[in-house]
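# Examining the three-dimensional arrangement
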Amino acid sequence: MPEGHTQTLDREFLQSILDGIEESIVILDKDYHIVCHNTAFIQWLDKPKKKTLGECCYSVIHDQPVRCTPCIVRETFRTGQFFETSHSHEKGGRKVYHETKSYPIKGADNEVRHVIYIFRDITEKALIEERVRELDKFKKKILDNAGVAINILDGNGGIMNANKGSEELFGYAEDEVKGEPHSMFYRSGDKELLMKAEKEALDKGRFMGEVTLVKKNRNEFPADLTLTTVEDDSGKVVALIEIVNDLTQIKKAERLIKQQLERLQRLDATKEEYFYATSHEFKTPLTSIVSLSKMLSDGKIGELTDKQKEAVSLIYCDAKRLRSSVQRILDIAKIEAGKMVYNFENVQLEPIVDEVLSTLKVLIDSKSLKVGTNVGGKIPLVWADKEKLMLVLENLVNNAIKFTPQGGSIDVKASKEGDHVLVEVRDTGVGIPDEDREKIFEKYYQVEHGEGYVGGSGLGLVICKRVVEDFGGRIWAESTLGEGSTFKFTIPYKKEGVSAKKRR
Ligand code: ADP
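Predicted model only: the values in this text are computed from it and were never measured.

Another point: the packing of aromatic side chains. Within the structure shown, the criterion is met by 15 aromatic pairs. Relative to Phe119, the ring of Tyr117 lies with its centre 5.6 Å away and its plane at 40°, an arrangement referred to as tilted. Here Tyr117 and Phe119 have matching classes, each one buried. Geometrically, the ring pair formed by Phe275 and Tyr276 is tilted, given 6.1 Å between the ring centres and 35° between the ring planes. Assessed through its relative accessible area of 33%, Phe275 is described here as partly exposed. Here the aromatic residues Phe41, Trp44, Tyr117 and Phe119 are joined through ring pairs into a cluster of three or more. Lying over the aromatic face of Phe221, Lys215 brings its terminal NZ or CZ to 5.2 Å of the ring centre. The ring of Tyr342 is capped by Lys388, whose NZ or CZ atom sits 5.7 Å from the centre of that ring.

Below, the structure is given as C-alpha cells:
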C-alpha cells in the first residue's frame, strides 16, 4: 500500500477513536492553534463555527481574545507535565464549569510539540453543588440566629453541625465537635439517661426533659433538652435535632423566689400568730362588755334615763359585732391549726334556721327586709355539729342582710338531694361579679360593691366553706349582678357522714 494512503488511514483511524470519546478533545500546537478535535467538541460548541482548525483555542472555546490565566496548556508546554484542574468561564452569557486535563505530545527530542486538551462540561453538577452550598449557608444562618443552642446529629448521635448558640454555650468550636458523639455534652454518669432520651426520641419522635450538661471547661449546668427526629420519605431516621436551653438563670431566679417566698411565709405565720394571740386577748374583756352592757340596758343594775339606755344599747350592739369578728378570727385560727372540734349528731334544720333569724331580727327589721323560709316538711335530719351549722347559717343570712338594700327580700330554703340536704340562702341584693364568685371563699377576699357595702373581715365564707366541707358537703354561690345572690350548701343526712377528725 502506498505510504500516503497508510497515513490517510491512520489519520482516519485516530479521528474515529477521538470521535468515540464523550469528552471534548482538542489538540493544540505551540501557538495554541487547534490542529485537531473530536465530534464531542463540535457538539459542545452549540453553534459550530465555520472554522475551528487553525484557530486559537481561547477564541474558539472561551470567545476570548487572550489566553486564560492560569492556563494548564501553557503549563504542559512549559514543563512537559500532565495537568488537570476545574474552572469556570462565560459561554453565551452564562457561566459554564469545566473539568480539564492537558497531556503533552513530545517529539523525538523530548520537546513538547503538541498538547492534548481534554475537557468535560460539569456545569449542571457544579450548579447543583453551588445550590447545595448556598442552602447549607442558609441553613447555617437560620440555625445560628435561632437564639438557642442547636446540634444536628446523625441517626447514631454523631454531631454533624453545632450552631453559634451551641458554640457559645458549650465553649467548643463547631469543628471540634463535628463527628464526635453528642454524649460528650453529658456527664459520664448520665449515660443511662441519655440512652433513655434517645430511645424516647426514636420511639415517639421527640424527647423533652430537664438534664445536666457539661461545658468544655467541665462546668455543669441545668438545661431544658429537646431531641427531635428527622425522617426521610421512607420513614428512616436520618438526623436528630438537639435543642438545648440553658436554665442556669431561671434556676437561680427560682431559688431566689423560693427563698423570698419562704421568708414571706415565715413573716406571715408570725404576723398571724400575733394577730390570733391579740384577738384572744380581746375576747374576755369583750364578753364582759357585752354582758354588762346588756344588763345595764335591761335595767338589771339600776334604772337608766332614756338617753343613757340608748347609749348603752349602742355599746351593746357594737361590742357584740366586735365579739363576733374576734370569734371568727379565733375560729379561723382553730381551723388552720386543725383544732376545730365537731360534735356530730342528727340535727333538725328548721329550729336552727328560726333561731338564726330571730338573732338577726333587729338587723332584718332595720332594713325592712321580707324574710321567707321553707325548711320544714319532709326534710331529713342532717348529720352535723349543731353550733357550727348555726354559725354557717348565721354568716350566710348576715351577708344576705348586709348586701341587700332596704325593702329587699331573703329566702331560706331546704330540699332533699340524693343522700344530701341542699340548703339555699337567696337574697335580692347587689349580686357578685362572675370573676369573684369563687374567690369570695378565699381568706380576706372582699368584692368592691361600692359605697354602703363596706366593712366585714373577709373571713366568714372561709369558715363556712371549711365547716361545710368538714360536714362532708360543699358550698358555692350563684348570682346575677344587680339582681341578687343565692348561697347553696349541701350536708349529708346519713349517719355515716364524714366526721371532721376522720377527714384530716
Ligand atoms: P365579710 O362579709 O365579712 O366581708 P365573707 O367571707 O362573709 O366576709 O364574704 C366575703 C365577701 O363576699 C364579702 O365581702 C362580699 O364582697 C361577698 N359576699 C358575701 N355574701 C354576699 C352576698 N350575699 N351578696 C353579695 N356579696 C356577698
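A word on helix H11 (residues 349-359). Within the span of H11, buried status applies to Leu349, Ile352, Val353, Val356 and Leu357. The buried residues of H11 occupy an angular sector of 130° when the element is viewed end-on, so they sit on one face. If you follow the buried residues of H11, they end up packed against strand E11 (344-347), helix H12 (361-366), strand E12 (370-374), helix H13 (386-402), strand E14 (409-417) and strand E15 (420-427).

Turning our eyes to something else, we now look at the side chain of Thr228. If you trace the backbone, Thr228 turns up in strand E9 (residues 220-231). Excluding residues within four positions of it along the chain, Thr228 makes contact with Gly205, Arg206, Ala239, Leu240 and Ile241.

The two faces of a sheet get side chains in turn, since along a regular strand they alternate between them. Here strand E13 (residues 382-385) shows two buried faces, one formed by Val382 and Ala384 and the other by Trp383 and Asp385. Both E11 and E13 contribute to a ladder of 4 bridges, which runs antiparallel. Residue pairing in the sheet places Glu345 in a bridge with Ala384 of E13.

Turning our eyes to something else, we now look at the site of the ligand. By nearness alone, 22 residues border the ligand, and Asn399, Gln446, His449, Ser457 and Leu461 come closest of all. Contact distances for the ligand include 2.5 Å between an oxygen atom and a side-chain N or O atom of Gln446. In the model, an oxygen atom of the ligand is placed 2.8 Å from a nitrogen or oxygen of the Ser457 main chain. Alone, the ligand offers 530 Å² of accessible surface; in the complex the protein occludes 99% of this. At the level of elements, H13, helix H14 (460-471) and strand E17 (484-492) are the ones that each hand at least two residues to the shell around the ligand.

Attention now goes to the confidence of the model for the protein chain. Scored by pLDDT, the protein chain has a mean of 89; 95% of the residues are at 70 or more. Within the model, pLDDT remains below 50 along residues 496-504, and this stretch shows 18 contacts once partners closer than five positions in the same chain are excluded.

Quick look at the sheet that holds strand E4 (residues 94-106) now. Taken in spatial order, the 5 strands of this open sheet run E2-E1-E5-E4-E3, and their pairing is antiparallel. Looking at strand neighbours, the two that pair on one side only are strand E2 (34-37) and strand E3 (83-91), the edges of this open sheet. Strand-to-strand twist in this sheet, taken as the mean axis angle between neighbours without regard to direction, amounts to 30°. With 9 bridges connecting them, E3 and E4 associate as antiparallel partners. Considered in E4, the bridge of Thr85 is made with Thr100. Seen against the sheet, helix H4 (residues 72-79) touches strand E1 (24-28), E3, E4 and strand E5 (112-121) and runs at an angle of roughly 150° to E5.

Quick look at the sheet that holds strand E8 (residues 206-214) now. If you walk across this open sheet you meet the 5 strands as E7-E6-E10-E9-E8, and the pairing is antiparallel. The open sheet terminates on both sides in strands that have one partner only, identified here as strand E7 (159-162) and E8. Along the sheet, successive strands turn relative to each other by an average axial angle of 25°, direction set aside. For E8 and E9, the ladder comprises 9 bridges, and the chain directions are antiparallel. Counted as the bridge partner of Val214 is Glu220 from E9. Here helix H8 (residues 191-204) sits on the sheet in contact with E8, E9 and strand E10 (237-246), set at roughly 160° to E8.

About the thresholds
- Residues numbered from 1 in each chain as written.
- Predicted model: local features only at pLDDT ≥ 70, side-chain atom pairs only at ≥ 80, totals over all residues.
- Heavy atoms only, no water.
- Phe/Tyr/Trp six-rings, centres within 6.5 Å; stacked < 30°, edge-to-face > 60°.
- Buried < 20%, exposed > 50% of the residue type's maximum accessible area, 1.4 Å probe, protein only.
- Lys NZ or Arg CZ within 6 Å of the ring centre and 35° of its normal.
- Helix = DSSP H or I, 4+ residues; strand = E, 2+ residues; numbered from the N terminus.
- Arc of directions from axis to C-beta.
- Contact = heavy atoms within 4.5 Å.
- Pairing = 2+ DSSP bridges.
- Near = heavy atom within 4 Å.
- Polar contact = N/O pair within 3.5 Å; in protein donor to acceptor, adjacent residues only side chain to side chain.
- Areas by Shrake-Rupley, 256 points an atom, 1.4 Å probe, with all protein chains shown as cover.
- pLDDT = per-residue confidence, 0-100.
- Axes fitted to C-alpha atoms, helices over the stretch in contact; angles between N-to-C directions.

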